[in-house]
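Descriptive analysis of the structure
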Amino acid sequence: MVDTSARLNFIYEELQRLEAESLLINIRTIESPADAWMVVDGRRVLNFCTNNYLGLANHPRLRQAAQEAIERWGVGPAAVRTIAGTTALHRELEQRLAAFKGVEDALFVQSGFNANQAAIPPLVGKGDVIFSDRLNHASIIDGCRLSGAKIIVYEHCDPADAEAKIKEHLPQYRRGLLVTDGVFSMDGDIAPLDRLYEVAQRYGVMTMVDDAHGEGVLGRGGRGIVDHFDLHGRIDVEIGTLSKAFGVVGGVIAGKKLIVDYIRQKARPFLFSSATTPADTAACLAAVDLLEESEERVQKLWDNARYLRAGMEELGFDTGHSQTPILPIMLGEAGLAKTFSQRLFTEGVFAMSIGFPTVPRGLARIRVMNTAAHHHDDLDFGLEVFAKVGRELGVIS
Ligand SMILES: *Cc1c(COP(=O)(O)O)cnc(C)c1O
C-alpha cells in the first residue's frame, strides 16, 4: 500500500511558513455599507481601507438606480455578452464611459482584473514582446503571462530604461506592447505616461495603461490619467475599473473603435463568462452621471488627501513618494506592519497592513485610503490614533 496521507502536507507547510513570516492574511468581515465609518468584525471603526474614493459605494442615487434596474430587468444577466447578455443598459454604459473618457468606444466587462485578461491576449501572443513596468498590478502581469508573449520588465516609472529595453529586444519580435499602471496602487505614484508614450511611439510599440486608481481621481473631473497628461487619442488601450472611484463593480477597455471592435470579437472573459447584472450596470450609469454633474467629490477627495498627508508627515511618519490620495505609511518589516494594523483596529481605526507579495519584501506598510465621504474630524481622529500607536511601537518619537 502506498501511503497517501502525506499528499496534502505541502499546504500545511506553506500555511505554517506564511504564519511564521507574518504574511498570513487576516480577512476581516464587514457588517455595514462601505462608508467613512464601518462595522468590521462587530466593531464600529474609522475606515481607511476601501478604494471607494468618491464615497459612491453607498450613494442614494446609485442604490436607487440599482433597485429600479432590478424592477425593470430582473437580477441575473442570463448569458454571456456575446450570446444574449448584452442589454441596452450595457450598451448605454459603454457609450457613456467612452464619452466620459473622450475615446471612440468602450467595452464593459465584469471587473478590472478581467479587463486585463480580456485586452492583452488579443493584442500580443507568441512571437511578440511586452514591455512591463516592474511594479505593474497582478492582473496586468497575469494578462501578460496568459498572452504567451515574451515579457520584458523595465525599471519602475523609467522611460529611459523602457527605451533601452525596447531597442534591445523589439527587433527579435513581430510586434510590441508597452503596458503600465497609471497610478501605482501600493505607492500612489503616477506613471510618466507622456514620456512612455513618446518612447513607444518612436519605435512603433502599442501602448496600454491601466487607470484603475486614476479614474475618478486624476484629470478634469476625474477623467483619468490620459486626461491628466492630455494624451487623448494617443494611448491605444485604456483599462479601467468601475469598482474603485465609481463605487460599483466592473471593468472597462477603452480606446479606438477599431481596437475595441477587435477585442469584442476575441476577449475570452467577454466570450465565456456571463455579463454583469442589471443592478450593477445601472448603478455604474448613475456613477457616471454624478461624475459628469460635478467635480465637487473629486476636489473633496484631494483636499482630504492633502490634509491627511500633511498630518502624517508632521507626526514624523514616512509616507513614501505618493502623488495621489493613496497614502502609504512605510514600516518595513511585515511583522511590525501587522502589529501596527492590529493596534490601530483596537483603537478604532481600520487600516490593513500590506506585505509580500503585494509589495516587495522589507517594504511592508499600512496603506491609508481616505475618501470624499470623510470629514476633517474623521481624519483628526485617525491621526490621533496613528500618533498613539506610532509612539507606542517606536515608529515615531
Ligand atoms: C484594483 C485593480 C484592478 C482590479 O480591478 P477590479 O475591478 O477590482 O477587478 C486592476 N488593475 C489595477 C491597476 C488595480 O489597481
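It should be emphasised that the depicted structure is a prediction, and the values quoted were computed from it without experimental measurement. (Residues numbered from 1 in each chain as written. Predicted model: local features only at pLDDT ≥ 70, side-chain atom pairs only at ≥ 80, totals over all residues. Heavy atoms only, no water.)

What follows concerns the domain arrangement of the chain. Domain parsing of the chain yields domain 1 (23–52 + 295–392) and domain 2 (60–293). Every contact between the two is made by 20 residues of domain 1 and, on the other side, 20 residues of domain 2. Note on domain 1 versus domain 2: buried area summed over both sides is about 1,600 Å², and carbon and sulfur give 59% of it. Where domain 1 meets domain 2, there are one salt bridge. Put simply, domain 1 and domain 2 have eight residue pairs in polar contact (both at pLDDT 80 or more) between them. Those elements that place two or more of their residues in the side of domain 1 that touches domain 2 are α13 (296–315), β10 (326–332) and β13 (364–369). The element that contributes the greatest number of residues to the side of domain 1 that touches domain 2 is α13, accounting for four residues. Tallied by class, residues from the side of domain 1 that touches domain 2 come to nine nonpolar, seven polar and four charged. (Domains from an automatic or database assignment. Contact = heavy atoms within 4.5 Å. Buried area = accessible area lost by both parts, 1.4 Å probe. Salt bridge = Lys/Arg side-chain N within 4 Å of Asp/Glu carboxyl O. Polar contact = N/O pair within 3.5 Å; in protein donor to acceptor, adjacent residues only side chain to side chain. Helix = DSSP H or I, 4+ residues; strand = E, 2+ residues; numbered from the N terminus. Nonpolar A, V, L, I, M, F, W, Y, C, P; charged D, E, K, R; others polar.)

Between two packed helices, the angle of one axis relative to the other and the distance separating the axes together describe the packing. Direction vectors running N to C along helix α2 (residues 60–73) and helix α12 (residues 278–293) enclose 145°, while the axes themselves pass 7 Å from each other. Here α2 runs over α12; the crossing is right-handed. Here α2 contributes Arg 61, Leu 62, Ala 65, Ala 66, Ala 69, Ile 70 and Trp 73 to the contact with α12, which in turn contributes Pro 278, Ala 279, Ala 282, Ala 283, Ala 286, Ala 287, Asp 289, Leu 290 and Glu 293. Of the residues assigned to the contact of α2 with α12, the class counts are 13 nonpolar, no polar and three charged. (Axes fitted to C-alpha atoms, helices over the stretch in contact; angles between N-to-C directions. Left-handed = near helix turned anticlockwise from the far one by under 90°.)

On to empty space enclosed by the protein. Under the criterion given, the structure shown has one cavity of 30 Å³ or more. By volume, the largest cavity is sized at about 30 Å³. Its residues placed into classes, the lining of the largest cavity shows four nonpolar, one polar and one charged. (1 Å grid on protein atoms, 1.4 Å probe; cavity = no way out; pocket = protein on both sides within 12 Å on 5 of 7 lines; lining within 4 Å. Points joined across faces, edges and corners; volume = space filled by probe spheres on them.)

So, on to the pattern of salt bridges. Taken as a whole, this structure holds 26 salt bridges when the rule is applied. In this structure, the salt-bridge partner of Asp 289 is Arg 96, at a minimum N-O distance of 2.7 Å. Of this pair, Asp 289 sits in helix α12 while Arg 96 sits in helix α4 (residues 88–101); the two residues are 193 residues apart in sequence, bridging distant segments of the chain. Two residues, Asp 187 and Arg 365, come together in a salt bridge whose shortest N-O distance is 3.0 Å. You can see Asp 187 sitting in the loop between β6 (176–181) and α8 (193–203) and its partner Arg 365 sitting in strand β13, a full 178 residues away along the chain. Classification of Asp 187 as buried rests on a relative accessible area of 12%. The exposure class of Arg 365 is buried, given its relative accessible area of 1%. Each of the salt bridges in this network shares a partner with another, and the network as a whole consists of Glu 14, Arg 17, Glu 21 and Arg 361. (Buried < 20%, exposed > 50% of the residue type's maximum accessible area, 1.4 Å probe, protein only.)

Let us now look at the nonpolar core. A general tendency of soluble globular proteins is for nonpolar side chains to be buried together. Ranked by internal contacts, the top residues of the largest apolar core, which has 47 residues, are Tyr 53, Leu 54, Leu 62, Leu 97 and Phe 246. Looking at this core, the elements that each hand over two or more residues are α2, α4, β3 (105–109), α8, α9 (225–228), β9 (251–255), α12 and α13. No other element matches α12, which puts 10 residues into this core. Both domains that meet at this core, namely domain 1 (23–52 + 295–392) and domain 2 (60–293), each give it at least three residues. Leaving out residues up to four positions away in the same chain, Phe 246 has contacts with Leu 56, Leu 62, Leu 97, Phe 100, Glu 215, Thr 241, Ala 287, Val 288 and Leu 291. Of all hydrophobic cores here, the second largest spans 24 residues; its members include Ala 337, Ala 351, Ala 364 and Ile 366. (Core = buried A, V, L, I, M, F, W, Y, C linked by side-chain atoms within 4.5 Å.)

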